[in-house]
Amino acid sequence: MDEARLRSAMGFAMRSGNCIAGDFVCEKAVKRGGAKLLMLDAEASQATRERYAGMCERAGIPCLVIRDMGSAIGKYGRMVAAVTESGFARRIADAYANIDGGVG
């Protein structure tokens, strides 16, 4: 149930235009302060994870690692996405925290 809630919130954020996906736009959003939450696909490379973890730490935003993140937002193959609206970011973070083991 909680995993379905997480994936649903992610999909709603993307469909409503409050989520962006792709390396370049997400990096830009994190650095300029537009991102409220960053999501990485569990299959992303270790280098990508470390790079975004560092960026998010410096920016003070949460960075979540989610299995099949790209399919949940309807952008297959994307390894990184950023939520740009605080309500959706909070809803996604809450759903993520309620999943056993943390990774959706």
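Whatever comes next refers back to the structure up there.
For clarity, every value in this text was computed on a predicted model and none was experimentally measured. (Residues numbered from 1 in each chain as written. Predicted model: local features only at pLDDT ≥ 70, side-chain atom pairs only at ≥ 80, totals over all residues. Heavy atoms only, no water.)

Enquirer: Talk me through the nonpolar core; I want residue IDs and the actual numbers.
Expert: With 22 residues, the main nonpolar core has Leu6, Met10, Met39, Ile66, Ile73 and Ile92 as its most contacted residues. Sorting the residues of this core by element identifies α1 (2-15), β1 (19-21), β2 (37-41), β3 (63-66), α4 (69-72), β4 (80-83) and α5 (86-97) as the ones contributing at least two each. Discounting residues that sit within four places of it in the chain, Met10 has contacts with Met39, Ile66, Met69, Ala72, Ile73 and Ile92. The next biggest cluster of nonpolar side chains, apart from the first, holds twelve residues, and it includes Val30, Leu40, Tyr52 and Ile61. (Core = buried A, V, L, I, M, F, W, Y, C linked by side-chain atoms within 4.5 Å. Buried < 20%, exposed > 50% of the residue type's maximum accessible area, 1.4 Å probe, protein only. Helix = DSSP H or I, 4+ residues; strand = E, 2+ residues; numbered from the N terminus. Contact = heavy atoms within 4.5 Å.)

Enquirer: Help me get a handle on the pattern of salt bridges, residues and values and all.
Expert: If you walk through the whole model with that rule in mind, you get three salt bridges. Between Arg51 and Glu27 there is a salt bridge, with the nearest N and O atoms lying 2.9 Å from each other. Of this pair, Arg51 sits in helix α3 (residues 46-59) while Glu27 sits in helix α2 (residues 23-32); the two residues are 24 residues apart in sequence, bridging distant segments of the chain. Residue Arg51 is classed as partly exposed on the basis of its relative accessible area, which comes to 33%. We classify Glu27 as partly exposed; its relative accessible area is 21%. When salt bridges that share partners are traced, they join Asp23, Glu27, Lys31 and Arg51 into one network. (Salt bridge = Lys/Arg side-chain N within 4 Å of Asp/Glu carboxyl O.)

Enquirer: Describe in detail the side chain of Asn18, supporting the description with residues and values.
Expert: Examined against the element boundaries, Asn18 turns out to sit in the loop between α1 and β1. In terms of polar contacts, Asn18 uses its side chain to reach the side chain of Ser16, at 2.8 Å. Contact partners of Asn18, with chain neighbours within four places excluded, come to Ala13, Ala82, Val83, Thr84, Glu85 and Phe88. (Polar contact = N/O pair within 3.5 Å; in protein donor to acceptor, adjacent residues only side chain to side chain.)

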